[in-house]
Structures are given as C-alpha cells and as structure tokens.
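# Results of the structural survey
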Amino acid sequence: MHHGQMASKRPSNPTQMYQQPPRLLIVHIALPSWANVCSNLCEALQNFFSLACSLMGPSRIPLFSLYIVQNQHECILPFVQVKGNFARLQACISELRMLQREGCFRPQGTSLQLAIEDGLQQFKQYSRHMSTGAALTYSSLEITVLTSQPGKEVVKQLEEGLKDTDLVRIRKLQVVEITKGALECMNSASPVEEPSNEESSVLATDIDLQTIDSDIVSMEIFFKAWLHNSGTDQEHIHLLLPSWSISNISRTRDDSMCLKCDLQERLLSPSLLPGTADGSLRMDDPKGDFSTLYQMVSQSPASCYKLRVIKALKSSGVCESLTYGLPFILRPTSCWRLEWDELETNQQHFHALCHSLLKREWLLLAKGEPLNREHKLREPASTFYVILPSHSPTLLVKAVATRELMLPSPFPLLPEDMPADSLKTVESMLDDLELESTYNPLEVWSHLYSHLSSTFANPHGRFHPSSKSRAVRKVLPSFPVMPRMPESSSPVPHPKEILPDILWKNRPMGREAFNPRQRKLQPLHSTGTFFAWAFT
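Here goes a summary of the coordinates provided. Please read all numbers here as calculations on a predicted model, not as lab measurements.

## Remarks on the overall build of the chain
- Counting its regular elements, the chain contains 12 helices and 14 strands.
- Per-residue burial for the chain yields a buried fraction of 48% across its 536 residues.
- Long-range contacts, defined here as pairs at least 24 residues apart, represent 79% of the contacts in the chain between residues at least 6 apart.
- Total accessible area on the chain stands at roughly 27,900 Å², and carbon and sulfur atoms take up 54% of it.

## Details of the packing of helix α2 (residues 34–52) against helix α11 (residues 448–455)
- At a minimum axis separation of 9 Å, α2 and α11 run at an interaxial angle of 65°. Seen from above, α2 lies across α11 with left-handed handedness. On α11, the residues touching Q46, N47, S50 and L51 of α2 are L448, Y449, L452 and S453.
- For the contact of α2 with α11, the per-class residue count stands at four nonpolar, four polar and no charged.

## Considering the nonpolar core
- Residues L41, F49, L96 and F223 are the most contacted members of the largest nonpolar core, which totals 46 residues.
- For this core, the secondary structure elements donating two or more residues are β1 (23–28), α2, β2 (63–69), β3 (73–81), α3 (86–102), β5 (170–179), α7 (216–224) and α11.
- Those residues in contact with F49 that lie beyond four places of it in its chain are F64, V82, F86, L89 and I93.
- Within the second largest apolar cluster, 26 residues are counted, among which are L112, L120, Y126 and V154.

## Things to note about the pattern of salt bridges
- Per the counting criterion, the structure on display carries eight salt bridges.
- With a shortest N-O distance of 2.8 Å, E160 and K163 are connected by a salt bridge.
- The class for E160 is partly exposed, based on a relative accessible area of 48%.
- Between K260 and E342 there is a salt bridge; the shortest N-O distance is 2.6 Å. In this pair, K260 is assigned in strand β9 (residues 256–265) and E342 in helix α9 (residues 340–360), connecting sequence segments 82 residues apart. As far as the burial class goes, K260 and E342 line up, both buried.
- By sharing partners, the salt bridges in this structure join R23, E142 and R171 into a single network.

## Remarks on the pairing of β1
- For β1, the tally of buried residues reaches six of six residues, placing the bulk of the element in the interior.
- Going residue by residue along β1, you find R23, L25 and V27 tucked away on one face and L24, I26 and H28 tucked away on the opposite face as well.
- Strand direction decides the pairing type here: β1 and strand β4 (residues 141–147), joined by six bridges, are parallel. For V27, the partnering residue across the bridge sits in β4 and is L146.
- Sheet analysis places β1 next to β2, joined by six bridges and oriented parallel. Bridge assignment links L24 to a residue of β2, and that residue is S65.

## Comments concerning unusual backbone geometry
- At E361, a residue that is not glycine, the phi angle is positive and equals roughly 60°.
- In this fold, E361 is placed in the loop between α9 and β12 (362–368).
- Here E361 falls in the exposed class, since its relative accessible area comes to 53%.
- A positive phi angle is found at H447, which is not glycine, with a value near 60°.
- Within the secondary structure, H447 is located in the loop between α10 (420–431) and α11.
- For H447, a relative accessible area of 41% puts it in the partly exposed group.

Reading the values: the criteria
- Residues numbered from 1 in each chain as written.
- Predicted model: local features only at pLDDT ≥ 70, side-chain atom pairs only at ≥ 80, totals over all residues.
- Heavy atoms only, no water.
- Helix = DSSP H or I, 4+ residues; strand = E, 2+ residues; numbered from the N terminus.
- Buried < 20%, exposed > 50% of the residue type's maximum accessible area, 1.4 Å probe, protein only.
- Contact = heavy atoms within 4.5 Å.
- Areas by Shrake-Rupley, 256 points an atom, 1.4 Å probe, with all protein chains shown as cover.
- Axes fitted to C-alpha atoms, helices over the stretch in contact; angles between N-to-C directions.
- Left-handed = near helix turned anticlockwise from the far one by under 90°.
- Nonpolar A, V, L, I, M, F, W, Y, C, P; charged D, E, K, R; others polar.
- Core = buried A, V, L, I, M, F, W, Y, C linked by side-chain atoms within 4.5 Å.
- Salt bridge = Lys/Arg side-chain N within 4 Å of Asp/Glu carboxyl O.
- Pairing = 2+ DSSP bridges.

Written out as structure tokens, the structure is:
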C-alpha cells in the first residue's frame with residue numbers, strides 16, 4: 001500500500017524535500033516492563049530532539065505530539081512545532097520519566113483506541129487553526145504506538161477498536177514492539193529494520209508492525225528515521241544508462257535506460273548543526289558541502305534530476321582523495337504514481353545493475369545534467385559523480401573532482417628501504433594499538449547530544465524557547481477541544497514553569513538530577529560491517 005496517496009499531490013518543493021509529516025507518538029505503558037524501558041526511552045528522545053531542534057534549514061518534523069496510555073489515555077504534549085520548542089519537549093520528556101516513580105497501571109482495553117482518536121481530533125483542530133498554506137502541508141498524520149506488549153495482539157486490538165473510525169487523515173499507523181536483549185546484528189547500511197507489514201482486513205489503512213530493541217542506540221536509530229525523506233509522491237533521481245536493446249517500459253526519448261531512484265542521506269551534515277567543526281557553514285552557503293546532489297534534487301520539482309552514466313571504471317581506479325562532499329544513497333523508487341508493472345521492472349533492473357557492478361568490480365562515472373538551460377549558447381557547469389555498488393540493493397553516490405578543481409599535488413613514491421631503527425620504533429607502537437576489522441560508528445560518540453542540549457540553555461541554566469514557540473503556545477489554549485486529561489493525572493506544567501531537570505534535583509518529587517554532560521552512550525557491539533561501499 002502506498003500511503004502517500006492521502007497527501008497533497010503537488011510537486012515537491014525544497015521545503016517538502018526535507019519535511020516529514022506531523023508525528024503522534026503514543027507510549028503504551030504496562031507493568032512490569034515499563035521500569036526497564038522508561039530510562040532508555042527518555043534518553044533516546046532527549047538525544048533525538050537535541051538533533052531535530054538544532055538542524056538548520058527547513059524543519060524536518062513540523063509537528064509533534066505525545067500521549068501516554070496507562071489506566072487511561074493522557075496527552076502530555078499537544079501538537080507543537082519541533083523547531084524552537086526544545087524547552088517544551090524537554091519538560092514533556094521529564095514528565096514521561098516521572099512515571100517510573102509514580103507507578104503504572106495495566107491499560108484498559110479501549111484506552112489505546114481512544115488515544116488514537118483523540119490525537120487525530122487534536123491534529124484536525126490544529127490544521128483548521130493554521131493558515132491555508134500550512135494546513136495543506138500538514139494534510140496527513142503518522143501515528144506510532146510504542147508498546148512492550150506483544151505487537152500482534154496490539155494490532156488486533158486496534159483493528160477491532162478502530163473499524164468504525166475515519167482514518168483518512170492518517171498517512172501511516174505503526175505499532176512498534178520494544179523487546180529486551182541486545183541486537184545481534186546492526187548494519188549501518190540499513191539501520192532500521194524493515195517493518196513486517198500486517199495488512200488489516202478491517203481498516204481502510206494498513207497497520208505496520210515493527211520490533212526494536214530496548215537499548216538506547218536502537219531507539220535512537222528508530223527516531224532518527226523520522227529525519228529521512230520518506231515521501232512517495234515523486235521519484236528523486238533518474239539514472240540514465242546507454243542502451244540499445246531494452247523494453248519500452250524503461251526507455252526515454254534519447255534511447256537511454258532510465259532507472260527511477262529515490263535519494264537518501266547517509267549521515268547528517270555537520271554544517272547543519274551549531275558548534276560543530278563545520279558549524280560556520282550554512283545550508284544555503286554555496287561553499288557548504290550540503291549544496292550538492294541533495295540540494296540539486298530539491299530545486300527541480302517540475303522534473304527529476306538526471307544523472308547520465310558516462311563510462312565505467314575499475315573499482316581500484318579511483319583515489320578517495322578525489323571525492324568530496326556528503327555521500328548519498330540511491331535505491332529503487334517507491335513512488336505511488338507509477339504503475340505496479342513499472343515499479344517491479346524498475347526494481348529488477350536496479351538490482352541487476354548492483355549485482356553486475358559487484359561481479360565485474362566496476363564503478364560508474366555519471367554526469368549531472370543541468371536543471372535548466374537559460375543560455376543555450378553557453379555550456380553550463382556540470383558536476384560529476386562516482387556510483388559505487390554494495391551487497392545491499394542500494395548504490396552510493398559521491399561527487400568527484402574534475403580538472404578545474406584540481407590543485408598540483410606532487411606525490412613521490414614511498415622509498416622501499418627504510419631505516420631499521422625508525423621502522424622498529426613505529427612497528428612497536430602500532431603493535432600496541434587495538435585492532436578491529438571494521439569501524440563501527442555506534443561505538444564512537446563525540447558528546448554532541450550534550451553540547452546541543454546546552455546550546456538551548458542561557459547562562460543561568462534555564463531553557464529558553466524562541467519567540468516563535470511562545471506564539472504557538474498562545475494559540476493552543478484557544479482550541480475549542482483540548483486534550484482529555486484524566487482526573488487522577490498530574491496537570492501539564494504551564495510554559496512559564498518549564499525548567500530543565502537539572503533544576504529539579506531538590507524537588508520533593510523523587511526526580512533524578514539530569515546532567516547531560518554525565519550521560520554516556522553505551523557502545524553497541526556490532527558484528528555488521530560499515531564498509532558497504534568501499535574502494536578496493
């Protein structure tokens with residue numbers, strides 16, 4: 001099923017290239033497993049929102065809301081804009097962390113259903129109170145239910161309880177079962193498990209069922225998937241390969257085979273985060289490494305950005321010093337506008353290309369075609385890319401230097417005869433180093449999360465929201481229908497009372513003091529490889 005059919009059918013624009021749908025997170029609490037999940041979940045949310053609130057450029061998550069389901073459902077955070085609202089998100093996470101000390105109850109059978117219906121109603125109210133343009137952008141909602149209960153039972157419960165509910169505004173409904181134990185395999189090439197689709201025979205929408213581990217790293221990775229562009233309204237890239245004997249279904253007018261691909265970021269650009277090594281660069285700065293392939297794609301909403309393959313290269317024939325900028329991943333498109341036959345054929349051709357390149361140990365050299373030709377008499381500047389295969393059904397794309405960019409760099413050959421004393425000294429030093437077969441980035445952390453969290457605090461330690469977030473708070477109380485709050489629950493704190501955890505350590509409520517600088521991410525020991533695309 002292609003859930004993108006419920007979204008706006010207008011072409012993508014630069015903002016939509018980054019922006020994901022509004023998110024509603026429902027935490028399904030039950031004894032006795034909540035005590036084992038609470039701390040890691042709150043830590044993962046804290047780390048994730050320190051990133052999401054700090055990223056420059058268009059907001060990737062426009063709206064976020066959080067519900068909990070105990071003996072009743074409760075909205076602890078109505079829909080707010082993520083950027084500029086770290087203080088409210090911080091207070092919300094603190095409320096969630098408190099539940100471990102206040103005690104939990106077994107949820108009633110209808111509580112989860114009521115939370116989804118109430119959250120959907122809240123989203124409709126928010127959309128009506130936004131401007132016309134913003135309301136069109138936020139036309140559909142994604143709902144995630146985090147539960148420690150058996151996922152299949154929760155799915156059946158939702159299928160039965162929501163069969164009479166209008167779900168047309170829900171783009172995706174997902175149940176995520178949190179399990180115990182460490183992940184046996186974590187491959188950075190596909191850090192988030194592919195959900196096993198449990199298609200509902202009752203509802204008008206599918207319910208996706210996924211299982212994640214209860215450790216901090218696994219939950220962090222799950223939330224970071226929200227930063228990906230997962231829209232299916234349009235393919236991103238047309239990869240053009242010369243061909244003379246292919247079927248008409250994949251041909252273009254210039255007699256090239258066209259593989260329709262979606263583009264995905266491999267990692268977040270440091271230039272989009274304040275205070276990092278490259279923090280002086282901005283996304284709209286032409287000197288920034290972000291203004292490459294991803295930006296080119298976002299600037300071509302009318303037609304897809306085209307990469308035309310020029311020639312093949314031996315995998316050992318490209319020096320890594322010639323590549324620059326961020327790497328990006330190509331995968332077969334999942335655009336819902338295409339016919340099923342075309343989608344299937346496109347995917348088969350893409351997989352065949354990956355297989356053939358691996359077998360031959362080849363890379364591809366491709367030229368980015370200009371977005372427009374305003375000056376027909378002047379040849380526009382082009383960017384060239386190398387395309388690398390992997391053992392997964394994906395390709396890696398990296399920009400490669402051209403003649404104009406090269407600087408003279410004479411590199412003499414390394415002398416064969418080395419002084420025996422120097423060689424012995426260096427060999428002895430190298431023998432003392434710990435040797436690992438692969439680089440696992442999940443075992444290396446730079447304390448970036450604590451640094452980003454500290455940037456939202458003033459010298460007195462108080463988190464201060466922006467004027468934009470204060471304006472949103474003034475709008476929310478005017479809604480005709482507010483979240484249902486159980487009588488036994490604690491009220492959501494007033495915005496003026498929002499303080500970081502570090503100021504709550506002396507309160508008589510049993511909260512732990514929170515010092516992000518004392519938090520350390522435990523390394524995840526992985527057997528997976530992180531060199532899916534490696535030069536030989």
